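The residues making up each chain are set out below.
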Amino acid sequence: MEHCLSLSEMDCLKILDELDDAIIIIDERRNIIEANRPACNLYGYTRYQLCHMRLSDLATTEDKHSRSNGSLFFAELSERPLVPASGDLPLTVVRVRDVTTARQNDVSLSEMYKDLVETGPSLIVRILPDTTITFANERFCQYFGLNRDKVIGCKFVDLPQDKATQQFIQRHFSIFARRPKNAIIDRQVVNSDGQQRWAQFTESPIWDETGKLQEIQLIAIDIHERKLAQIYLQQNEAKYRAIMDQSNEGIILMDYMSGQILEVNQKMTEICGFSSE
């Protein structure tokens, strides 16, 4: 295909060659009629060779293009119509970018995220408003002793748990489906060894484009040891408070360095005639 350039067109081509992006100009039949130097470098063809090709000759798939040596790269194309002068045929300017590195980074991040979801400490499950399970990570299945291939499609309320937990789950998600909101709940569950352990569930509603509740994502972590420690501290604090308040002697707890009174028992407030506040 022959193409004669006027002086003004030659000036435009010089400008195009100075650009960093690969620029290809095509006609209405998508024949390539011009290409700048970065486009020639990107594809490994001369300008003459490119101007005897169609844009489709460069593409192997929708998002992959081929170089002259057969190597492939991910291509991102943006097209913009070139306003023709009176009597000229309509043309389109196509900017081509090699986005292979960005795509590879996206894949790496996707694989890393997948590994984190599958092998991390969190139990992750997604359920429909009726508690049908649509996704469960491997950690969730291992924790509850479930077969991953069989758990998808089952209802969360039907998982093997004690009766009280099943009733709680059923009641809770019945309310959640009507008034969905982000929530954090500590609950005892039965693991694969048949042990009752404390787990903390973070619940997040997932909406569709119309604002309707589509799914509920649950992310749980085992907090059994931490929960037992909290309960132990609360029990000891209650015992300590009972001993303090039942004592017949006035007791003051004071910071040794600052002299600040930290706490007094009931007897001391009676002796001093002040309130504990």
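Residues numbered from 1 in each chain as written. Predicted model: local features only at pLDDT ≥ 70, side-chain atom pairs only at ≥ 80, totals over all residues. Heavy atoms only, no water.

### What about the overall build of the chain?
What the chain contains, in helices and strands, is nine helices and 12 strands. Expressed as a percentage of its 277 residues, the buried residues of the chain come to 32%. For the chain, the accessible area works out to roughly 18,400 Å², and carbon and sulfur atoms hold 53% of it. (Helix = DSSP H or I, 4+ residues; strand = E, 2+ residues; numbered from the N terminus. Buried < 20%, exposed > 50% of the residue type's maximum accessible area, 1.4 Å probe, protein only. Areas by Shrake-Rupley, 256 points an atom, 1.4 Å probe, with all protein chains shown as cover.)

### Section: the pairing of strand S5 (residues 91–98)
Across six bridges, the pairing between strand S1 (residues 22–27) and S5 is antiparallel. By the bridge assignment, alanine 22 is partnered in S5 with valine 96. Taken together, the eight bridges between strand S4 (residues 72–82) and S5 define a ladder with antiparallel strand orientation. The residue bridging arginine 80 from the neighbouring strand is valine 93, located in S5. (Pairing = 2+ DSSP bridges.)

### Here's the deal with the nonpolar core
One finds Val125, Ile127, Ile133, Phe140, Phe156 and Phe173 to be the most contacted residues of the largest nonpolar core, which totals 24 residues. Of all elements in the fold, only strand S6 (123–127), strand S7 (133–136), helix H5 (138–144), helix H7 (163–178), strand S9 (196–207) and strand S10 (213–222) reach the threshold of two or more residues within this core. Ignoring any residue separated from it by four or fewer positions in sequence, one finds valine 125 in contact with Ile133, Phe135, Ala136, Phe140, Phe156, Ile216, Gln217 and Leu218. If you look at the next biggest cluster of nonpolar residues, it comprises 17 residues, including Ala35, Phe73, Ala75 and Val94. (Core = buried A, V, L, I, M, F, W, Y, C linked by side-chain atoms within 4.5 Å. Contact = heavy atoms within 4.5 Å.)

### Some details on the confidence of the model for the chain
Here the chain shows a mean pLDDT of 81. Residues at 70 or above account for 86%. Mean pLDDT values for the elements of the chain range from 65 in helix H1 (residues 7–17) up to 93 in helix H2 (residues 37–43). For residues 1–7, every residue scores under 50 in pLDDT, and the model assigns this stretch 12 contacts once sequence neighbours within four places are set aside. (pLDDT = per-residue confidence, 0-100.)

### Considerations on the pairing of S4
Bridge analysis of strand S3 (residues 64–66) against S4 gives three bridges, and the strand direction is antiparallel. Its bridge partner lying in S4, serine 66 is registered against leucine 72. Turn length for the S3-S4 hairpin, with the two strands adjacent in sequence and antiparallel, is five residues, and the turn residue glycine 70 shows positive phi of about 95°.

### Describing unusual backbone geometry
For arginine 30, which is not glycine, the phi torsion reads 65° and is therefore positive. Considering the arrangement of structural elements, one finds arginine 30 in the loop between S1 and strand S2 (32–35). The exposure class assigned to arginine 30 is partly exposed, which follows from its relative accessible area of 34%. At threonine 131, a residue that is not glycine, the phi angle is positive and equals roughly 75°. Here threonine 131 shows up in the loop between S6 and S7. Assessed through its relative accessible area of 4%, threonine 131 is described here as buried.

### Considering helix H8 (residues 224–246)
Compared with the 33 Å implied by 1.5 Å per residue over 23 residues, the 33 Å span of H8 between its first and last C-alpha is a close match. Listed in full, the buried residues belonging to H8 are His224, Lys227 and Met244. For H8, the secondary structure elements touched by its buried residues are strand S8 (183–190), S9, S10 and strand S12 (261–264). (Expected span 1.5 Å × (residues − 1).)

### Section: the environment of isoleucine 252
One can find isoleucine 252 in strand S11 (residues 252–254). Considered as a pair, isoleucine 252 and valine 264 are 12 residues apart in the sequence and their alpha carbons are 4.5 Å apart. Excluding residues that lie within four positions of it along the chain, isoleucine 252 makes contacts with Ile261, Glu263, Val264 and Met268.

### Section: the pattern of salt bridges
Within this structure, the stated rule accounts for 11 salt bridges. We note a salt bridge from arginine 95 to aspartate 21, for which the minimum N-O separation is 3.6 Å. Of this pair, arginine 95 sits in strand S5 while aspartate 21 sits in the loop between H1 and S1; the two residues are 74 residues apart in sequence, bridging distant segments of the chain. What emerges from the salt-bridge pattern is a single network uniting Arg197, Asp222 and Glu225. (Salt bridge = Lys/Arg side-chain N within 4 Å of Asp/Glu carboxyl O.)

### Considering the sheet that holds S7
Strand order in this open sheet of five strands is S7-S6-S10-S9-S8, and the pairing throughout is antiparallel. The sheet terminates laterally at S7 and S8, the two strands that pair on one side only. The average undirected angle you get between the axes of adjacent strands in this sheet is 25°. Pairing geometry for S9 and S10, over nine bridges, is antiparallel. Paired with threonine 202 across the strands is isoleucine 219, a residue of S10. (Axes fitted to C-alpha atoms, helices over the stretch in contact; angles between N-to-C directions.)

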